[in-house]
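# Survey of secondary and tertiary structure
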Amino acid sequence: MRLRSAFALGTALLGLIAPRALGQEAAPTRAASEDGGEIVVTARRREERLQDVPVAVSVIGGERLDDTGSYSIGQITQLAPTLQYVSSNPRNTAFNIRGLGSSFGLANDGLEQGVGLYIDQVYYPRPAAASFDLLDIERIEILRGPQGTLFGKNTTAGALNVTTRAPRFTPESAIELSYGDYGFTQAKASVSGPLLGEMLAGRLSIATTRRDGMLYNVTTQRDVNDQNNVAVRGQLLYTPTPDLSLRFIADYNAQELECCTQGVVRVGETQRAPSQQYPALAAGLDYAPASFDIYDRRVDVNSDIQADQWQSGLAVIADWDLGFATMTSVSAARQWAWRPQNDRDYTALSILTRSANQSDQQQLSQELRLASNGERVVDWTVGLYFYRQEIDTEGVSEWGADAAYWLIGPSAPANLLDGYRADFTVTSATESYAAFAHAVWSIAPRWRLSGGVRYTEETKDAVYDQRVSGGLATTDPTLINRQLSIARPQVYEAAVEDGSASGQINLAWDVGDAVLAYIGYAQGYKSGGVNLAGIPTTASGAPALVNAVIAPENSRTLELGLKTQLFDRLLTANLALFRTVVEDYQANVVDTGPGALRGYLANIDEVGVEGVELDVQTRPWRGLIAYATLAWTDAVYESFANGPCPLELIGPSTSACDLSGQRLPGVSEWAWSVGGEYRWPGAVAGDPGDYYVGVDASYRSDFYSDASDSRYALIDGYTLVNLRAGFESEGGWEAFAWVKNAFDEPYLQFVSVQSGNSGLILGNPGDPRTIGATLRVRR
């Protein structure tokens, strides 16, 4: 039924586009229509016109990022509704495409992401990298659907392919200063030009961002959840001969934040005894939160919080034109460090007073590609890939004086958990080898058949070691078991080794000179993993090692698409219809066996996602550029018998719930964005240029912010509108004012259920209306 609905909607949209498109035979040929205004992408690891690529791709250029003031992955979701981004802190970041990619609430060193993040052809494995500022970007390509053939790590959901601005032999520079309310200040600068004739060019880019916290902590009387970011990138481009180029890239990013806490959203009812629900528990401790209205933006945590992280890397990209083909080498080394502090009960009570899992990650990667040059009957690309990652994590959780009362009940000794702590270490190593090939065969003047395959061998080795200490010293078995129900010692080793092929096949038809129709099938692969956050136990209390290893995900996607450019490229309209099935979906489940009952990572049988996506851009008259994007997505657990129970169904003892047929978390059924910019000529103090006004609006319908689909974790839909107005001089300077969330729409970024299932629902509100101004100078 859902699939028929998707294709019915798609057929209706095709009916609006196709009749005009099919009548465009008199339009200029595809080659003749190419000029500097065409969008060029590298979605298939070679430069191609966006409209020639039979793949669902959204492109956000660097100019558009600058114009809209978008400087992070989270902000570009307002421009690209098929991308979802949720982050309770940088390490716990999930970004999904078409509803797939990362399971909510999971920060597990042994788990791969389903959406690959690539910057200048280098894979960034840690999702926290998406929270750093974007710097000096040429374009962002959002590739929708499995990208397992040509990208360095196989992905089941899609990829973010980010390209930064390269060094130039023509001197250029830019500086930008922004100031806004809530203490917002941002400075960006870049300079590029020749260093040694026509042989060596350089580029240096720097950015800093500061903003006060959007929440006020009444306990410490400080603003929290702030921004404090620094980004630096230096590059060299060496061209010793016309056939050889070497691009050297070094980058550094830092965040030092007083973040990330949450406020009270609401209180939900459970099936537990009234004495174990929030109203009675809070009354017993004479506690009231700073506010029950999340939009008061008041919190009261009583422990230190911080979210500090750093990353740096070196990369060398070599391109050697051999005549018949180009050899490309991408070599990279990267590292990431994470230093957090959290008050995980998110209250002024002393329940879970300290949670800090610091991590250090290092990676090496090497890719070699050989791609045919020119236009042939068969264009081809072949390559090899190697990747190694090591992660070391040391963590601690410590409970306080109110923990026993809140988590176990009034019958427990008040000091049972006071000072009780769990210290753990995790070490893991991953090695991945792959070989791949892709080809495009022009089987007839208007028909092209493309396909590719990738085979990957991957191994993971890991050790998890958790020790417990502190709390009430007792020999009473009942009290000891109550302590162990909160945290217990665990030591285990696990390893996984798997090999898998993934690939795609695609048939494209040039219906008219400005119309491309295609059908494609892709099979994606997300490597298996290791549970590195604890696993269920047997009846004897030993780790249930059968749960230590997570099987790989496998996805299958069928896609139909239509790409059109009409009226001499005044209107571009691209449509995609898709259906994806993922087997062995990696998710948070609940153990129903003997021993301690807890959530952990495992595989569920199947999830399904289908939808329709429409992207439209138009220039209806001189000076006006407008766009609209629409996404309808239906994402469900097809089979999830032992899922986590929603809060409202949790009773005296934890049990699993059948979530089959329920919606996937984080996915809005409807999402859209519309906007545009209008320019007209004018002058300021005799300096000619363009005045302009711009608007960008986006909408997301409701979605669940918890894997259990609790009604208390349902976030209402919302619409955000951003405005800007300014002047751009022909002399190279530009000044504009901006308003973000212009109508001060109240909305939630995410919500979560407090540990212990008291019924307290926490969350983080989205930014209120903010205003500011930007001055930019380019030379």
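The paragraphs below set out a description of the structure included in this document.

Reading guide: rules and limits
- Residues numbered from 1 in each chain as written.
- Predicted model: local features only at pLDDT ≥ 70, side-chain atom pairs only at ≥ 80, totals over all residues.
- Heavy atoms only, no water.
- Salt bridge = Lys/Arg side-chain N within 4 Å of Asp/Glu carboxyl O.
- Helix = DSSP H or I, 4+ residues; strand = E, 2+ residues; numbered from the N terminus.
- Buried < 20%, exposed > 50% of the residue type's maximum accessible area, 1.4 Å probe, protein only.
- Phe/Tyr/Trp six-rings, centres within 6.5 Å; stacked < 30°, edge-to-face > 60°.
- Lys NZ or Arg CZ within 6 Å of the ring centre and 35° of its normal.
- Pairing = 2+ DSSP bridges.
- Axes fitted to C-alpha atoms, helices over the stretch in contact; angles between N-to-C directions.
- Disulfide = S-S within 2.5 Å.
- 1 Å grid on protein atoms, 1.4 Å probe; cavity = no way out; pocket = protein on both sides within 12 Å on 5 of 7 lines; lining within 4 Å.
- Points joined across faces, edges and corners; volume = space filled by probe spheres on them.
- Nonpolar A, V, L, I, M, F, W, Y, C, P; charged D, E, K, R; others polar.
- Patch = residues over 30% accessible without salt bridge, like charges linked within 9 Å, V, L, I, M, F, W, Y side chains within 5 Å.
- Areas by Shrake-Rupley, 256 points an atom, 1.4 Å probe, with all protein chains shown as cover.
- Contact = heavy atoms within 4.5 Å.
- Core = buried A, V, L, I, M, F, W, Y, C linked by side-chain atoms within 4.5 Å.
- Polar contact = N/O pair within 3.5 Å; in protein donor to acceptor, adjacent residues only side chain to side chain.

One pass over the structure, following the stated rule, counts 41 salt bridges. With its nearest N and O atoms 3.9 Å apart, the salt bridge here joins Lys188 to Glu176. You can see Lys188 sitting in strand E11 (residues 184-196) and its partner Glu176 sitting in strand E10 (residues 172-180), a full 12 residues away along the chain. In terms of burial, Lys188 and Glu176 fall into one category: buried. A salt bridge links Arg421 to Asp423; the shortest N-O distance between them is 2.7 Å. The partly exposed category is assigned to Arg421, whose relative accessible area is 23%. A cluster of three or more residues bridged by salt bridges with shared partners is formed by Glu63, Asp66, Asp136, Arg165, Arg168, Glu172, Arg203 and Arg778.

In this section: the packing of aromatic side chains. Evaluation of the coordinates by the stated rule reveals 21 aromatic pairs. Ring plane angle 70° and centroid distance 5.7 Å describe the contact between Tyr123 and Tyr387, whose orientation is recorded as edge-to-face. You can see Tyr123 sitting in strand E7 (residues 122-124) and its partner Tyr387 sitting in strand E22 (residues 378-399), a full 264 residues away along the chain. Relative accessible area serves as the criterion here: at 4%, Tyr123 is assigned to the buried category. Among the aromatic side chains, those forming a connected cluster through ring pairs are Tyr678, Trp680, Tyr691, Phe727 and Trp733. Looking at Arg98, its charged tip hangs above the ring of Phe578, at a distance of 3.9 Å from the centre. Over the ring of Trp738 we find Lys740; its NZ or CZ atom is 5.5 Å from the centre of that ring.

Let us now look at the sheet that holds strand E6 (residues 115-119). The 5 strands lie next to each other as E3-E8-E9-E6-E7, forming an open sheet whose pairing is mixed. Edge positions in the sheet fall to strand E3 (57-61) and E7, since each has one partner strand and no second. Adjacent strand axes in the sheet meet at a mean angle of 20° when their direction is disregarded.

Below, the discussion takes up the state of the cysteines. Put plainly, two cysteines are in a disulfide when a covalent bond ties their sulfur atoms together. Taken as a whole and assessed by the stated rule, the structure comprises 2 disulfides. Note on cysteine connectivity: Cys259 is disulfide-linked to Cys260, with sulfurs 2.1 Å apart. Taking the sign of the S-S torsion, 100° for the link of Cys259 and Cys260, the bridge is right-handed. Across the pair, exposure class does not vary: Cys259 and Cys260 are buried alike. Disulfide partner of Cys645: Cys657, at an S-S distance of 2.0 Å. Negative torsions about the S-S bond denote left-handed disulfides, and the value of about 95° found for Cys645 with Cys657 makes this one right-handed. Linking Cys645 in the loop between strand E33 (643-644) and strand E34 (656-657) with Cys657 in strand E34, this pair joins segments that are 12 residues apart in sequence. When its relative accessible area of 14% is taken as the criterion, Cys657 is described as buried. By sequence order of its bonded cysteines, the chain has the disulfide arrangement 1-2, 3-4.

With that out of the way, let us pick up the sheet that holds strand E13 (residues 215-217). Spatial strand order, E14-E13-E18: 3 strands in an open sheet with mixed pairing. Looking at the sheet topology across the chains shown, the edges are occupied by strand E14 (222-224) and strand E18 (298-299). Bridge count for E13 against E14 is 3 bridges, and the pairing is antiparallel. Looking across to E14, one finds that Asn217 is bridged to Arg222.

Below, the discussion takes up empty space enclosed by the protein. Applying the stated criterion across every chain yields a total of 16 cavities of 30 Å³ or more. Each pocket or cavity is described by its volume, and for the largest cavity that value is around 350 Å³. Secondary-structure elements contributing two or more residues to the lining of the largest cavity are strand E25 (490-512), strand E26 (515-526) and strand E29 (553-566). Counting residues per element, the lining of the largest cavity draws most heavily on E26, which supplies 6 residues. For the lining of the largest cavity, the residue count by class is 12 nonpolar, 13 polar and 3 charged.

Together, Val377, Val378, Trp441, Ile443, Trp447 and Trp509 give the surface a local cluster of nonpolar side chains, amounting to about 540 Å² of exposed area. Turning to its location among the elements, Trp447 is positioned in strand E24 (residues 447-469). For Trp447, a relative accessible area of 32% corresponds to the partly exposed category.

Two elements, E24 and E25, share 20 bridges in a ladder whose sense is antiparallel. Counted as the bridge partner of Asp461 is Ala495 from E25. Examined bridge by bridge, E25 and E26 share 9 bridges and lie antiparallel to one another. If you follow Gly512 over to E26, its bridge partner there is Val515. Remark: 2 residues form the turn of the hairpin made by E25 and E26, two consecutive strands paired antiparallel.

Among the structural elements, Val40 can be located in strand E1 (residues 40-41). Setting aside chain neighbours within four positions, we find Val40 in contact with Glu47, Glu48 and Arg139.

Let's shift gears to the nonpolar core. Counting residues in each nonpolar core, the largest one holds 44 residues, and the members touching the most others are Leu117, Leu160 and Leu664. The dominant element in this core, judged by the number of residues it contributes, is strand E30 (residues 571-590), at 4 residues. Beyond its immediate sequence surroundings of up to four residues, Leu117 is in contact with Phe95, Val122, Tyr123, Tyr124, Ala129, Ala130, Leu160 and Val162. Within the second largest apolar cluster, 25 residues are counted, among which are Tyr278, Ala282, Ile408 and Tyr420.

Examined against the element boundaries, Arg49 turns out to sit in strand E2 (residues 48-49). Relative accessible area serves as the criterion here: at 7%, Arg49 is assigned to the buried category. Along the primary structure Arg49 and Glu38 are separated by 11 residues, whereas in three dimensions their C-alpha atoms are 6.7 Å apart. A polar contact is formed between the side chain of Arg49 and the side chain of Asp52, at a distance of 2.8 Å. Only 3.2 Å separates the side chain of Arg49 from the side chain of Gln565, close enough to count as a polar contact.

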